[in-house]
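In case you want the letters, here they are:
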Amino acid sequence: MSIQWFPGHMNAARKKAAETMENTDLVIEVLDARIPQASCNPMVEQLRVFRQRPCLKILNKSDLADPHATKQWLEFYNAQKGVKAVAMSCKKPADVAKVPGFALELAPHRGVPTKPLRMMIMGIPNVGKSTLMNALLKKRVANVGDEPAVTKVQQRLYLGKNMILTDTPGMLWPKIQHPTDGLMLAASHAIGVNALIEEEVATFLAELLLKSYPQFLTTRYGMPTDGIDAVSVIEGVAKKRAYRLKGGDWDFEKAAHTLLLDYRSGALGRVSLETPQSREHLLATYVPPVLLGQGKNVDTGMDTIDEQELD
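Residues numbered from 1 in each chain as written. Predicted model: local features only at pLDDT ≥ 70, side-chain atom pairs only at ≥ 80, totals over all residues. Heavy atoms only, no water.

- Going by what an unreviewed UniProt entry lists, the protein chain is known as Ribosome biogenesis GTPase A and is assigned to Undibacterium nitidum.
- Under the heading Function (unreviewed entry), UniProt records this for the protein chain: "Required for a late step of 50S ribosomal subunit assembly. Has GTPase activity."
- UniProt's Subcellular location (unreviewed entry) comment on the protein chain is quoted here verbatim: "Cytoplasm". (UniProt positions renumbered as here; feature names shortened; annotations may be inferred.)

**Description of the overall build of the protein chain**
Now for step 1: Secondary structure assignment for the protein chain yields 13 helices and six strands.
Now for step 2: Sorting the 311 residues of the protein chain into buried and exposed places 52% on the buried side.
Now for step 3: The long-range share in the protein chain, meaning contacts at least 24 apart out of those at least 6 apart in sequence, stands at 70%.
Now for step 4: Carbon together with sulfur atoms contributes 52% to the accessible area of the protein chain, which is approximately 14,700 Å² in total. (Helix = DSSP H or I, 4+ residues; strand = E, 2+ residues; numbered from the N terminus. Buried < 20%, exposed > 50% of the residue type's maximum accessible area, 1.4 Å probe, protein only. Contact = heavy atoms within 4.5 Å. Areas by Shrake-Rupley, 256 points an atom, 1.4 Å probe, with all protein chains shown as cover.)

**A short note on the sheet that holds strand β5 (residues 155–159)**
Strand pairing within a sheet occurs via backbone hydrogen bonds; the two strands may be parallel or antiparallel.
Now for step 1: One open sheet holds the six strands; their spatial order is β3-β2-β1-β4-β6-β5, and the pairing between them is mixed. Since the sheet does not close on itself, it has two edges, and those belong to β3 (83–87) and β5, each with one partner. Taking each pair of neighbouring strands and ignoring which way they run, the sheet shows an average axis angle of 25°.
Now for step 2: As paired strands, strand β4 (residues 117–123) and strand β6 (residues 163–167) are joined by five bridges and run parallel to one another. Paired with Arg118 across the bridge in β6 is Ile164.
Now for step 3: Set on the sheet, helix α2 (residues 42–51) makes contact with β1 (26–32), β2 (55–60), β3 and β4; between it and β1 the angle comes to about 160°.
Now for step 4: Running at roughly 165° to β3, helix α3 (residues 67–78) makes contact with β1, β2 and β3 of the sheet. (Pairing = 2+ DSSP bridges. Axes fitted to C-alpha atoms, helices over the stretch in contact; angles between N-to-C directions.)

**What to know about the nonpolar core**
Now for step 1: Counting residues in each nonpolar core, the largest one holds 68 residues, and the members touching the most others are Ile28, Ile58, Leu132, Leu185, Leu217 and Leu259.
Now for step 2: Per element, the largest residue contribution to this core is seven residues, and it comes from helix α8 (residues 198–212).
Now for step 3: Of all hydrophobic cores here, the second largest spans 19 residues; its members include Cys40, Leu47, Leu59 and Ala85. (Core = buried A, V, L, I, M, F, W, Y, C linked by side-chain atoms within 4.5 Å.)

**With respect to α8**
Now for step 1: For α8, built from 15 residues, the straight-helix expectation of 21 Å at 1.5 Å per residue is met to within 8% by its first-to-last C-alpha distance of 21 Å.
Now for step 2: Among the residues of α8, Glu198, Val201, Ala202, Thr203, Phe204, Leu205, Ala206, Leu209 and Leu210 are the ones counted as buried.
Now for step 3: Those residues of α8 that are buried lie in contact with α7 (179–187), α9 (214–221), α10 (230–241) and α11 (252–265). (Expected span 1.5 Å × (residues − 1).)

**Some thoughts on the pattern of salt bridges**
Now for step 1: Summed over all chains, the structure comprises 10 salt bridges.
Now for step 2: A salt bridge links Lys84 to Glu105; its shortest N-O distance comes to 3.6 Å. Of the two residues, Lys84 sits in strand β3 while Glu105 sits in helix α5 (residues 99–106), which places them 21 residues apart along the sequence.
Now for step 3: Residue classification places Glu105 among the exposed residues on the basis of a relative accessible area of 52%.
Now for step 4: We note a salt bridge from Arg279 to Glu274, for which the minimum N-O separation is 3.2 Å. (Salt bridge = Lys/Arg side-chain N within 4 Å of Asp/Glu carboxyl O.)

**Observations concerning the UniProt feature "binding site: GTP" (unreviewed entry) in the protein chain**
Now for step 1: Cross-referencing UniProt, the feature "binding site: GTP" (unreviewed entry) maps to Asn60, Lys61, Ser62, Asp63, Asn126, Val127, Gly128, Lys129, Ser130, Thr131 and Gly170 in the present numbering.
Now for step 2: Considering the arrangement of structural elements, one finds Ser62 in the loop between β2 and α3.
Now for step 3: Overall, the relative accessible area of 13% leaves Ser62 in the buried class.
Now for step 4: Filtering out sequence-adjacent residues up to four positions away, Ser62 remains in contact with Ala33, Ala87, Met88, Ser89 and Arg270.
Now for step 5: Checked against the element boundaries, Lys129 lands in helix α6 (residues 129–137).
Now for step 6: A residue is classified by how much of its surface remains accessible, and Lys129, at 6% relative accessible area, is buried.

**Overview of the packing of α8 against α10**
The relative placement of two packed helices is expressed as an angle between their axes plus a distance between the axes.
Now for step 1: Two elements in contact, α8 and α10, have axes whose closest approach is 8 Å; the angle formed by their N-to-C orientations is 105°. The angle between α8 and α10 places the two elements in the roughly perpendicular class. Facing Ala202, Thr203, Ala206, Glu207 and Leu210 of α8, the residues of α10 in contact are Ala230, Val233 and Ile234.
Now for step 2: When the residues that make up the contact of α8 with α10 are grouped by side-chain class, the tally is six nonpolar, one polar and one charged. (Parallel < 35°, antiparallel > 145°, perpendicular 65-115°, else oblique. Nonpolar A, V, L, I, M, F, W, Y, C, P; charged D, E, K, R; others polar.)

**Concerning unusual backbone geometry**
Now for step 1: Phi at Gln52 takes a positive value of approximately 55°, unusual for a residue other than glycine.
Now for step 2: By secondary structure assignment, the location of Gln52 is in the loop between α2 and β2.
Now for step 3: Residue Gln52 is classed as exposed on the basis of its relative accessible area of 70%.

What follows is the structure, given as C-alpha coordinates:
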(Lines give C-alpha, C1' and ligand atoms only; values in the text may rest on other atoms or scores of the structure.)
Protein backbone atom coordinates (compact mmCIF):
# COMPACT_ATOMS: atom_id res chain seq x y z
CA MET A 1 0.00 0.00 0.00
CA SER A 2 1.33 3.45 -0.96
CA ILE A 3 0.04 6.15 1.40
CA GLN A 4 -0.15 9.76 0.20
CA TRP A 5 -1.68 12.70 2.11
CA PHE A 6 -1.26 16.33 1.06
CA PRO A 7 -4.36 18.44 1.81
CA GLY A 8 -4.64 21.81 0.08
CA HIS A 9 -3.66 23.84 3.13
CA MET A 10 -0.25 22.14 3.15
CA ASN A 11 0.62 23.52 -0.27
CA ALA A 12 -0.31 27.01 0.93
CA ALA A 13 1.80 26.42 4.04
CA ARG A 14 4.78 25.43 1.90
CA LYS A 15 4.60 28.64 -0.10
CA LYS A 16 4.28 30.75 3.05
CA ALA A 17 7.23 28.92 4.62
CA ALA A 18 9.37 29.72 1.58
CA GLU A 19 8.58 33.42 2.06
CA THR A 20 9.26 33.38 5.80
CA MET A 21 12.51 31.45 5.45
CA GLU A 22 14.18 34.48 3.85
CA ASN A 23 13.89 36.41 7.13
CA THR A 24 14.72 33.49 9.40
CA ASP A 25 18.05 32.84 11.11
CA LEU A 26 17.46 29.27 12.29
CA VAL A 27 15.14 26.35 11.55
CA ILE A 28 13.97 24.22 14.45
CA GLU A 29 12.77 20.98 12.88
CA VAL A 30 10.80 18.69 15.14
CA LEU A 31 11.15 15.01 14.22
CA ASP A 32 9.58 11.87 15.65
CA ALA A 33 12.42 10.06 17.45
CA ARG A 34 10.89 6.70 16.51
CA ILE A 35 11.10 7.51 12.77
CA PRO A 36 13.56 10.42 12.44
CA GLN A 37 14.30 10.23 8.74
CA ALA A 38 10.84 9.12 7.67
CA SER A 39 9.49 12.17 9.54
CA CYS A 40 12.09 14.51 8.03
CA ASN A 41 10.28 16.59 5.40
CA PRO A 42 12.47 16.93 2.28
CA MET A 43 10.75 20.22 1.47
CA VAL A 44 12.00 21.70 4.76
CA GLU A 45 15.51 20.52 3.99
CA GLN A 46 15.34 21.96 0.49
CA LEU A 47 14.13 25.35 1.72
CA ARG A 48 16.69 25.74 4.50
CA VAL A 49 19.65 24.52 2.44
CA PHE A 50 18.76 26.97 -0.33
CA ARG A 51 18.78 29.81 2.22
CA GLN A 52 21.83 28.33 4.00
CA ARG A 53 20.06 28.31 7.36
CA PRO A 54 21.36 26.14 10.23
CA CYS A 55 19.01 23.59 11.72
CA LEU A 56 18.29 22.41 15.24
CA LYS A 57 16.75 18.95 14.86
CA ILE A 58 14.69 17.96 17.89
CA LEU A 59 14.03 14.24 18.10
CA ASN A 60 10.79 14.52 20.04
CA LYS A 61 9.06 11.64 21.83
CA SER A 62 12.46 10.17 22.65
CA ASP A 63 10.86 8.66 25.77
CA LEU A 64 8.89 6.40 23.38
CA ALA A 65 11.85 5.48 21.16
CA ASP A 66 14.54 2.82 21.50
CA PRO A 67 17.42 4.67 23.23
CA HIS A 68 20.06 2.69 21.32
CA ALA A 69 18.55 3.70 17.97
CA THR A 70 18.15 7.31 19.14
CA LYS A 71 21.85 7.48 20.01
CA GLN A 72 22.70 6.32 16.50
CA TRP A 73 20.43 8.95 14.96
CA LEU A 74 21.99 11.73 17.04
CA GLU A 75 25.43 10.71 15.79
CA PHE A 76 24.09 10.60 12.22
CA TYR A 77 22.63 14.12 12.30
CA ASN A 78 25.36 15.75 14.35
CA ALA A 79 27.88 14.73 11.70
CA GLN A 80 26.06 16.97 9.20
CA LYS A 81 27.19 20.54 8.50
CA GLY A 82 25.11 23.25 10.12
CA VAL A 83 23.01 20.77 12.10
CA LYS A 84 22.68 20.12 15.81
CA ALA A 85 20.46 17.24 16.92
CA VAL A 86 19.07 16.67 20.40
CA ALA A 87 16.64 14.10 21.80
CA MET A 88 13.91 15.08 24.22
CA SER A 89 10.26 15.00 25.13
CA CYS A 90 8.55 18.30 24.42
CA LYS A 91 6.16 17.47 27.26
CA LYS A 92 9.01 17.82 29.77
CA PRO A 93 9.67 21.46 30.74
CA ALA A 94 13.25 20.72 31.77
CA ASP A 95 14.02 19.37 28.28
CA VAL A 96 12.37 22.29 26.49
CA ALA A 97 14.18 24.84 28.66
CA LYS A 98 17.43 23.85 26.94
CA VAL A 99 16.19 24.69 23.45
CA PRO A 100 17.06 28.45 23.45
CA GLY A 101 20.64 27.64 24.44
CA PHE A 102 20.95 25.04 21.68
CA ALA A 103 19.58 27.58 19.19
CA LEU A 104 22.10 30.23 20.19
CA GLU A 105 24.93 27.74 19.63
CA LEU A 106 23.91 27.58 15.97
CA ALA A 107 23.38 31.34 15.56
CA PRO A 108 25.77 33.03 18.05
CA HIS A 109 25.66 36.32 16.12
CA ARG A 110 21.97 36.77 16.97
CA GLY A 111 19.97 36.84 20.19
CA VAL A 112 20.52 40.45 21.31
CA PRO A 113 17.98 43.31 21.41
CA THR A 114 19.28 44.85 18.18
CA LYS A 115 19.42 41.46 16.42
CA PRO A 116 16.83 39.08 17.87
CA LEU A 117 17.17 35.42 16.93
CA ARG A 118 14.43 34.61 14.41
CA MET A 119 13.45 30.93 14.47
CA MET A 120 10.97 28.85 12.46
CA ILE A 121 9.52 25.74 14.06
CA MET A 122 8.78 23.20 11.34
CA GLY A 123 7.86 19.55 11.05
CA ILE A 124 5.29 17.01 9.94
CA PRO A 125 1.77 16.89 11.42
CA ASN A 126 1.25 15.66 14.97
CA VAL A 127 4.98 15.56 15.78
CA GLY A 128 4.85 17.97 18.73
CA LYS A 129 5.49 21.46 17.32
CA SER A 130 2.58 23.06 19.16
CA THR A 131 3.54 21.31 22.38
CA LEU A 132 7.05 22.72 21.98
CA MET A 133 5.72 26.23 21.34
CA ASN A 134 3.49 26.15 24.40
CA ALA A 135 6.29 24.83 26.60
CA LEU A 136 8.81 27.41 25.36
CA LEU A 137 6.44 30.31 26.01
CA LYS A 138 5.02 28.73 29.18
CA LYS A 139 1.47 29.39 28.08
CA ARG A 140 -1.04 28.01 25.59
CA VAL A 141 -0.44 29.80 22.31
CA ALA A 142 -0.93 26.89 19.92
CA ASN A 143 -3.71 24.31 19.73
CA VAL A 144 -2.66 20.79 20.63
CA GLY A 145 -4.65 17.80 19.44
CA ASP A 146 -4.42 14.07 18.95
CA GLU A 147 -5.22 14.33 15.24
CA PRO A 148 -2.75 15.43 12.55
CA ALA A 149 -2.84 18.93 11.02
CA VAL A 150 -4.38 20.83 13.95
CA THR A 151 -2.35 23.97 13.15
CA LYS A 152 -3.39 25.53 9.83
CA VAL A 153 -1.63 28.93 9.71
CA GLN A 154 1.65 30.50 10.80
CA GLN A 155 1.88 32.55 13.96
CA ARG A 156 4.75 34.78 15.14
CA LEU A 157 5.52 35.11 18.85
CA TYR A 158 8.23 36.58 21.05
CA LEU A 159 10.33 34.48 23.42
CA GLY A 160 11.65 37.14 25.77
CA LYS A 161 13.14 40.25 24.20
CA ASN A 162 15.78 38.58 22.07
CA MET A 163 14.05 35.69 20.30
CA ILE A 164 11.18 35.48 17.81
CA LEU A 165 9.38 32.22 17.08
CA THR A 166 7.33 31.44 13.99
CA ASP A 167 5.16 28.36 14.37
CA THR A 168 4.23 26.72 11.06
CA PRO A 169 1.51 24.21 10.14
CA GLY A 170 2.50 20.57 9.97
CA MET A 171 3.53 19.71 6.43
CA LEU A 172 4.00 16.48 4.56
CA TRP A 173 5.10 16.47 0.94
CA PRO A 174 3.16 15.75 -2.26
CA LYS A 175 4.75 12.39 -3.05
CA ILE A 176 6.09 10.06 -0.36
CA GLN A 177 8.76 8.28 -2.36
CA HIS A 178 9.23 5.17 -0.23
CA PRO A 179 6.06 3.20 0.60
CA THR A 180 7.53 2.13 3.94
CA ASP A 181 7.88 5.79 4.93
CA GLY A 182 4.16 6.30 4.40
CA LEU A 183 3.42 3.26 6.55
CA MET A 184 5.77 4.40 9.32
CA LEU A 185 4.19 7.86 9.26
CA ALA A 186 0.72 6.33 9.39
CA ALA A 187 1.66 4.00 12.25
CA SER A 188 3.03 6.99 14.18
CA HIS A 189 -0.18 8.99 13.62
CA ALA A 190 1.19 11.68 11.28
CA ILE A 191 -1.34 10.99 8.53
CA GLY A 192 -5.08 11.57 8.54
CA VAL A 193 -7.18 8.46 9.09
CA ASN A 194 -9.07 8.97 5.81
CA ALA A 195 -5.85 8.37 3.86
CA LEU A 196 -5.09 4.92 5.27
CA ILE A 197 -6.44 1.49 6.13
CA GLU A 198 -5.57 0.72 9.74
CA GLU A 199 -5.46 -3.04 9.28
CA GLU A 200 -2.76 -2.70 6.61
CA VAL A 201 -0.75 -0.23 8.70
CA ALA A 202 -1.00 -2.47 11.77
CA THR A 203 0.13 -5.49 9.74
CA PHE A 204 3.19 -3.55 8.60
CA LEU A 205 3.88 -2.55 12.22
CA ALA A 206 3.48 -6.14 13.38
CA GLU A 207 6.11 -7.27 10.85
CA LEU A 208 8.61 -4.76 12.21
CA LEU A 209 7.84 -5.72 15.79
CA LEU A 210 8.32 -9.42 15.04
CA LYS A 211 11.70 -8.62 13.51
CA SER A 212 13.07 -6.21 16.10
CA TYR A 213 10.96 -6.31 19.29
CA PRO A 214 9.27 -9.73 19.58
CA GLN A 215 9.71 -9.67 23.35
CA PHE A 216 7.40 -6.66 23.60
CA LEU A 217 4.59 -8.59 21.92
CA THR A 218 5.03 -11.45 24.36
CA THR A 219 5.08 -9.14 27.38
CA ARG A 220 2.10 -7.06 26.29
CA TYR A 221 -0.16 -9.73 24.83
CA GLY A 222 1.20 -13.00 26.18
CA MET A 223 1.72 -14.42 22.71
CA PRO A 224 4.61 -16.69 21.62
CA THR A 225 6.29 -15.16 18.57
CA ASP A 226 8.30 -18.06 17.16
CA GLY A 227 7.07 -19.09 13.73
CA ILE A 228 4.16 -16.65 13.48
CA ASP A 229 3.48 -13.95 10.91
CA ALA A 230 2.10 -10.42 11.13
CA VAL A 231 -1.52 -11.48 10.63
CA SER A 232 -1.16 -13.90 13.54
CA VAL A 233 0.05 -11.01 15.70
CA ILE A 234 -3.16 -9.08 15.04
CA GLU A 235 -5.21 -12.18 15.75
CA GLY A 236 -3.24 -12.67 18.96
CA VAL A 237 -4.18 -9.17 20.09
CA ALA A 238 -7.83 -9.94 19.37
CA LYS A 239 -7.63 -13.13 21.44
CA LYS A 240 -5.90 -11.37 24.33
CA ARG A 241 -8.49 -8.60 24.41
CA ALA A 242 -11.43 -10.90 23.53
CA TYR A 243 -12.38 -8.82 20.50
CA ARG A 244 -15.08 -10.74 18.62
CA LEU A 245 -17.53 -9.89 15.90
CA LYS A 246 -21.11 -11.03 15.88
CA GLY A 247 -20.93 -14.63 14.81
CA GLY A 248 -17.77 -15.35 16.76
CA ASP A 249 -14.97 -14.35 14.38
CA TRP A 250 -12.07 -12.33 15.75
CA ASP A 251 -12.44 -8.56 15.30
CA PHE A 252 -9.34 -7.91 13.22
CA GLU A 253 -10.13 -4.21 12.75
CA LYS A 254 -10.43 -3.48 16.46
CA ALA A 255 -7.31 -5.49 17.25
CA ALA A 256 -5.34 -3.59 14.59
CA HIS A 257 -6.45 -0.30 16.15
CA THR A 258 -5.37 -1.50 19.59
CA LEU A 259 -1.89 -2.49 18.36
CA LEU A 260 -1.43 0.95 16.80
CA LEU A 261 -2.60 2.70 19.96
CA ASP A 262 -0.27 0.62 22.12
CA TYR A 263 2.67 1.53 19.90
CA ARG A 264 1.80 5.23 19.77
CA SER A 265 1.31 5.54 23.52
CA GLY A 266 4.44 3.57 24.44
CA ALA A 267 2.40 0.83 26.11
CA LEU A 268 4.30 -1.73 24.02
CA GLY A 269 7.69 -0.42 25.08
CA ARG A 270 10.30 1.90 23.61
CA VAL A 271 10.19 1.13 19.89
CA SER A 272 12.05 2.68 16.94
CA LEU A 273 10.86 1.73 13.47
CA GLU A 274 14.07 2.72 11.68
CA THR A 275 17.80 3.12 12.28
CA PRO A 276 20.52 4.78 10.19
CA GLN A 277 21.50 1.29 9.04
CA SER A 278 17.98 0.34 7.96
CA ARG A 279 17.70 3.68 6.17
CA GLU A 280 20.94 3.11 4.32
CA HIS A 281 19.73 -0.33 3.26
CA LEU A 282 16.42 1.13 2.05
CA LEU A 283 18.14 3.74 -0.10
CA ALA A 284 20.63 1.23 -1.48
CA THR A 285 17.97 -1.27 -2.54
CA TYR A 286 15.10 1.01 -3.56
CA VAL A 287 14.20 1.05 -7.23
CA PRO A 288 11.64 3.74 -8.11
CA PRO A 289 8.66 2.47 -10.14
CA VAL A 290 9.25 5.21 -12.71
CA LEU A 291 12.03 7.68 -13.35
CA LEU A 292 10.96 11.19 -12.45
CA GLY A 293 11.98 13.83 -14.96
CA GLN A 294 11.08 17.23 -16.36
CA GLY A 295 12.61 19.08 -13.42
CA LYS A 296 10.76 17.08 -10.79
CA ASN A 297 12.34 16.64 -7.39
CA VAL A 298 12.59 12.93 -6.59
CA ASP A 299 12.02 13.33 -2.84
CA THR A 300 9.02 15.66 -2.96
CA GLY A 301 7.38 14.99 -6.32
CA MET A 302 7.23 18.77 -6.78
CA ASP A 303 8.92 21.16 -9.14
CA THR A 304 12.32 21.95 -7.70
CA ILE A 305 12.15 25.22 -5.74
CA ASP A 306 14.16 27.87 -7.53
CA GLU A 307 15.45 31.33 -6.73
CA GLN A 308 12.56 33.09 -8.48
CA GLU A 309 10.00 31.44 -6.21
CA LEU A 310 11.99 32.09 -3.05
CA ASP A 311 12.98 35.68 -3.93
